[in-house]
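This is what each chain is made of:
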Amino acid sequence: MARKLALGDLFLLRHLEERGVRFDLRNSLVHPATPSQAALVGLLTRYRFGAVTCIHDEDGQGGFVQVWPHGGSLSWHLAYIAPSLDERPDAAAIWHGMLGQLLRLASSEGALRVFARCVEDAETEGTLRQRGFGLVTREEVFVLTMPPSPAPAPRGLRRFDESDRWPLRQLYGQAVPSLVQKAEGFSPQELISPLQSLASPPEDHYVWVDRGEIIAHFAVSRGRAGTWMDCVVRPDRRGDALPQMHHILSQQPCSPDRPLYVCVPDYAVGLGWLLRTLGFETFARQAVMAAHTAAREAVARQALMPGLEGVDCGAPVTTVSQNSLQSPS
């Protein structure tokens, strides 16, 4: 059985943190932190910052799962699981138990979904599927280690401001497949940006406006180990986005020690070719998966009918329960 981390578990974390699997290339590449560092910050700040960690410690066999809650949204983001699946014969069973406990914890604390971005691997994806994670999309991550040539700011490219929120929602509806929107929880209550499934908000946002419409949104995240850009571009204008991408990327620091990364989901076909013209190469591919903590279930409730007051006409009513998580049979 998994439980929430206590201060005395930090030694176990340090022992296991080199024997596990990292998730979410964006955070691990741009904002690297060891699991024990992230766990300690979470404990000391009561999870206002840092990570939430669940520990498996049974019969001397240890493991842990760690997530980043996304402040301001109803999503949690998987960051690390130990041991890795090839570390021990029973590692898959440990993952299954820890992930089940994690989903129950997420539900009890009001999160509606947990995202898992994993480097493409059939065994990892299969184990996550068994615990209720479904595929949302796949992404290709491109990298550049030498600065691109300078490029002037093209017409219509500017920084995002608050008046762009509604047009940005319209762009998201045009550019992102409906199944991805549904999995990401696209709603007025949650939407911070069209990049809903990111574990932390980017530092800079740019929009490309043409004839009063937002054609593209570019979000930049900077860290001591690199810079990462995510893009949402209207499908019919993806081939025209090179000047905008070139200018934004040319403004960022770039070196072998601090590379530039750009993430392109598979449904945004065409953006990868633009990046290759700027010298980018494929770095990795990752699967974006999500498990939802709320499920529909039938609940019998008493129904009263005119003339039959007091007679129990119990009928199943479909409702949504956030505590209806059960292990798959």
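In short, a report on the structure. (Residues numbered from 1 in each chain as written. Predicted model: local features only at pLDDT ≥ 70, side-chain atom pairs only at ≥ 80, totals over all residues. Heavy atoms only, no water.)

Let's shift gears to the nonpolar core. Within the largest apolar cluster, 27 residues are counted, with the highest numbers of intra-cluster contacts made by Trp76, Leu78, Leu102 and Leu128. Looking at this core, the elements that each hand over two or more residues are β3 (52-58), β4 (61-69), β5 (75-82), α4 (91-108), β6 (113-119) and β13 (281-292). A per-element tally of this core places α4 first, with nine residues. Excluding anything up to four places from it in sequence, Trp76 contacts Val52, Val67, Trp68, Pro69, Leu102, Leu105, Ala106, Glu109, Ala111, Arg113, Val114 and Phe115. Listed in part, the 26 residues of the second largest apolar core include Ala216, Met229, Cys231 and Met245. (Core = buried A, V, L, I, M, F, W, Y, C linked by side-chain atoms within 4.5 Å. Buried < 20%, exposed > 50% of the residue type's maximum accessible area, 1.4 Å probe, protein only. Helix = DSSP H or I, 4+ residues; strand = E, 2+ residues; numbered from the N terminus. Contact = heavy atoms within 4.5 Å.)

Within the secondary structure layout, Asp204 lies in strand β9 (residues 204-210). Reaching out from Asp204, the side chain makes a polar contact with the side chain of Arg222 at a distance of 2.6 Å. In contact with Asp204, other than residues within four places in its own chain, are Arg159, Phe218, Ala219, Val220 and Arg222. (Polar contact = N/O pair within 3.5 Å; in protein donor to acceptor, adjacent residues only side chain to side chain.)

Relative to the helices and strands, Leu179 resides in helix α7 (residues 178-184). Among the residues examined, Leu179 registers a relative accessible area of 70% and is labelled exposed. Considered as a pair, Leu179 and Thr137 are 42 residues apart in the sequence and their alpha carbons are 9.3 Å apart.

Turning our eyes to something else, we now look at helix α5 (residues 122-130). Among all positions of α5, only Thr124, Glu125, Thr127 and Leu128 are buried. Down the axis, α5 shows its buried residues gathered within 160° of arc, on one side only. On the buried face of α5, the contacting elements are β5, α4, β6, β7 (134-144) and β13. Gly132, located one to two residues past α5, shows a positive phi value of around 105°. (Arc of directions from axis to C-beta.)

What the rule picks out here adds up to four aromatic pairs. Each ring, one from Phe23 and one from Trp95, has its centre 6.3 Å from the other, and the planes form 55°; the classification is tilted. Highlighted residues: Phe23 in the loop between β2 (21-22) and α2 (25-30) and Trp95 in helix α4, separated in sequence by 72 residues. Judged on exposure class, the residue Phe23 and its partner Trp95 are both buried. Note on Trp228 and Tyr261: the rings are 6.0 Å apart at their centroids and 35° apart in plane angle, and the pair reads as tilted. With a gap of 33 residues between them, Trp228 in strand β11 (residues 226-233) and Tyr261 in strand β12 (residues 260-265) connect regions that are remote in the sequence. (Phe/Tyr/Trp six-rings, centres within 6.5 Å; stacked < 30°, edge-to-face > 60°.)

Without other data, these values stay purely geometric and don't point to any function.
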